[in-house]
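# Notes for the structure review
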Amino acid sequence: MEGNMEFSDNKKEMYEEVVMQLKGLFEDCPHVLANLANASAVLNQALKNINWVGFYLCESTSQAGMFTSQLGDACDHDKTAEWVSHGLQEDSMLILGPFQGKPACVEIRIGKGVCGTAAARDEVTLVKNVHEFPGHIACDAASQSEIVLPIHANGKVIGVLDIDSPKLARFDEEDKAGLEAVVKVIEEMYQNVLFKAND
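Being a predicted model, the structure only gives us computed values, none of them experimental. (Residues numbered from 1 in each chain as written. Predicted model: local features only at pLDDT ≥ 70, side-chain atom pairs only at ≥ 80, totals over all residues. Heavy atoms only, no water.)

Attention now goes to the overall build of the chain. When you go through the chain residue by residue, the secondary structure sums to 5 helices and 6 strands. Ordering the α and β elements of the chain from the N terminus gives α-α-β-α-β-β-α-β-β-β-α. The proportion of buried residues among the 199 residues of the chain is 50%. If you take every contact in the chain between residues at least 6 apart in sequence, the share linking residues at least 24 apart comes to 61%. Within the structure as shown, the chain displays about 9600 Å² of accessible surface, and the carbon and sulfur contribution to it stands at 47%. (Helix = DSSP H or I, 4+ residues; strand = E, 2+ residues; numbered from the N terminus. Buried < 20%, exposed > 50% of the residue type's maximum accessible area, 1.4 Å probe, protein only. Contact = heavy atoms within 4.5 Å. Areas by Shrake-Rupley, 256 points an atom, 1.4 Å probe, with all protein chains shown as cover.)

A word on the side chain of aspartate 140. Position of aspartate 140 among the secondary structure elements: in the loop between strand E4 (125-127) and strand E5 (145-153). As a buried residue without a salt bridge, aspartate 140 has its nearest oppositely charged side chain in lysine 102, at a separation of 4.1 Å. Only 3.0 Å separates the side chain of aspartate 140 from the side chain of asparagine 51, close enough to count as a polar contact. Contact partners of aspartate 140, with chain neighbours within four places excluded, come to Asn51 and Lys102. (Lys, Arg positive; Asp, Glu negative; His and termini not counted. Salt bridge = Lys/Arg side-chain N within 4 Å of Asp/Glu carboxyl O. Polar contact = N/O pair within 3.5 Å; in protein donor to acceptor, adjacent residues only side chain to side chain.)

Note that every value here comes from positions in space, so none of it alone points to a role or purpose.
Shown next, in the form of structure tokens:
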């Protein structure tokens, strides 16, 4: 599967096509970094009116043997901060991963900005106007709206999928549902890599 792919103008069908393409790209590929790079490229092709799409990964996760056997406990720490229940360390950082778009912030502290907040709360965060989001981190001044989805492995948050748009209110509940299906495929890929690494 190489080159450009035409995606449907119907949003629901478009996300179904993205899911199918990612499943094909991930099949029998044990390289998480390469898979995330392809995922960001596919989403960049498929989604209209976006200016950035990519991944931020938990600091210890991003350095854990390229997401192999250490991934399962990479973010598992015994702390008392708000986000401990999600497996995140009190002073954890999200580190820039594969992406498409302009150069971005390399480090984001858990609990800060849209990405850090989504990771800390372990919930999809849809922001219709980033300028109204307390503590928004402006890596690209053109960004007007944003959606961030946590990614899990072994029940723990290991990173987020982040998508920005230069249009206000670009993302809606249909995008949320479609991107949750995309994240599920990514999480299944992680688990498959973990299984093979521990086999």
